[in-house]
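Spelled out, the chains give:
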Amino acid sequence: MSAFPEGFCWGVATSAYQIEGSPLADGAGPSIWHRFAHTPGHIADGETGNIACNHYQRYLEDIGLLHELGVNAYRFSIAWGRVLPEGRGAINRKGLGFYQRLVDALLERGISPVITLYHWDLPMALQDRGGWINPDSPQWFADYAEVLFRTFADRVTSWITINEPWVIAVLGHLEGRHAPGWRDPSAAARVGHHLLLAHAAAVASYRTLGHGQIGIALNLEPQHPAYPKAADLLAAQRRDAFVNRWFLDALFLASYPIELAQIFGPAWPKFGAVALDQIHYPGDFIGVNYYTRARVAAAPEAKPLGAICLPPPREKSTAMGWEIYPEGLGEVLGWFKERYGNPRVLITENGAAFADPAPCAGLVLDPQRIVYLRSHLRAAAQALAAGVDLGGYFVWSLMDNFEWAEGYSKRFGLYWVDRQTLQRYPKSSAHFYRSVIATQGAVL
Ligand SMILES: OC[C@H]1NNC[C@@H](O)[C@@H]1O
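Owing to the predicted nature of the structure, the values given are computational and were not obtained by experimental measurement.

Engineer: For the sheet that holds strand S8 (residues 294-298), give the residues involved together with the corresponding values.
Structural biologist: Reading across the sheet, the three strands line up as S6-S8-S9 and stay open at both edges, with mixed pairing between neighbours. In the strand order of this sheet, the two ends are held by strand S6 (223-225) and strand S9 (307-309), each with one partner. Taking the axes of each pair of neighbouring strands and ignoring which way they run, one obtains an average angle of 40° across the sheet. Pairing analysis gives three bridges linking S6 to S8, with the strands arranged parallel. Across the sheet, residue Gln-223 finds its bridge partner in S8, namely Ala-294.

Put into structure tokens, the structure is as follows:
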């Protein structure tokens, strides 16, 4: 019996800086990740996205892999700096042309493009104007989005404005582990707000220019008390506000959790009713990027949250050290039905990195990833049966790629990429996912 309805959206996801390579080709302007990766000490093994998977040259071959999988959708991001090298103003027709060729080739194969407008690679020229802390940044983003809405109005009907605003605000501006590498709580709070304003501005623009669906993709992670102790429960609730409800409550409830003012202290701006009303913009769907849960213990000395996350047992962990916890996907999906009015949800990322072996006879055996995907797909099917308005599922990722500060050391792909030759090899999980799609989940 099929676990998923006819018309369910089956896809895989990637992002520009992680797979394309050629970051400065054909007039493209450099991004903050180009600068960050070229700054020694930021990326494992000193790697950069200069080559990545060379998707910029090999995109037709990669569309062949999508066809082999049998997906009906492909989520990818557009590099802002290829289209607007200065981030604003003059359009780089060669850069835009790459994405026009990519979209047309996908449509020829019957694969629906799902475009992420922003997956972390802000043009450096805009960072030099302050980047996302600049109050003009929402308008910069809306103007960029409008160029793409007009270019693809007739061909693309699924858009994601921003990927994981929490990661941008926290890893990029509070912890400094991602570009632009800032460690400034006040900046992080303002960046989070400007990203929500940017999302709202793009949604408003799309309402006049497009006739498809537009949403945002959030990284969501259940926060569970490590032990049945009041202090751990309170710590988990604080971290839930910080990781999950910061953006969920803003988008759906036009309010920030009260814990954020306590966590950020004086660095947290005093947002008024108008500001909160301006971010009340969930769009047509919510993208959920789910990987794992956190087990949270109280730790008063661990500022600003007063909480730490305990490492999971090795036998239940992925190569990223994240716990394999499929029940958490069902929990996250349930939030939308229980708290936020049961909006349309897409699982826009779900997957895992494992220490995959090298190819043997052209195939990589990755049984752990099959177990991971099967258990999470079952959780998704159960949520769907329980009434969650789930419209699609995207595996992260099509192929092994640049995993940000981890470089190429963490392999998330359904296809294994030889770092010397860039040859793509199917993993057994690719064949598994192909069978799931072909049977609408009956094989689960
Ligand atoms: O860590 C795996 C993925 N998580 N979400 C954002 C993507 O860019 C990452 O590769």
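Engineer: Give a description of the nonpolar core that names residues and reports values.
Structural biologist: Counting 155 residues, the largest nonpolar core has Phe-242 and Trp-246 as its most contacted members. Apart from residues no more than four positions distant in its own chain, Phe-242 is found in contact with Trp-166, Val-170, Leu-174, Leu-260, Ile-263, Phe-264 and Leu-305.

Engineer: I'd like to hear about unusual backbone geometry, residue by residue, with values.
Structural biologist: Geometrically, the link from Lys-303 to Pro-304 is a cis peptide bond, its omega value of -5° lying close to zero. Relative to the elements of secondary structure, Pro-304 occurs in the loop between S8 and S9. Residue Ser-397 is bonded to the preceding Trp-396 through a cis peptide linkage, with omega at 15°. Note that Ser-397 resides in the loop between strand S11 (390-396) and strand S12 (415-417). Although it is not a glycine, Ala-361 sits at a positive phi angle of roughly 55°. Looking at the secondary structure, you find Ala-361 in the loop between strand S10 (345-350) and helix H14 (367-385). Judged by its relative accessible area of 84%, Ala-361 is exposed. Even without being glycine, Gln-440 reaches a positive phi, approximately 55°.

The rules we used
- Residues numbered from 1 in each chain as written.
- Predicted model: local features only at pLDDT ≥ 70, side-chain atom pairs only at ≥ 80, totals over all residues.
- Heavy atoms only, no water.
- Pairing = 2+ DSSP bridges.
- Helix = DSSP H or I, 4+ residues; strand = E, 2+ residues; numbered from the N terminus.
- Axes fitted to C-alpha atoms, helices over the stretch in contact; angles between N-to-C directions.
- Core = buried A, V, L, I, M, F, W, Y, C linked by side-chain atoms within 4.5 Å.
- Buried < 20%, exposed > 50% of the residue type's maximum accessible area, 1.4 Å probe, protein only.
- Contact = heavy atoms within 4.5 Å.

All quantities given are derived from atomic positions and should not be read as evidence of function.
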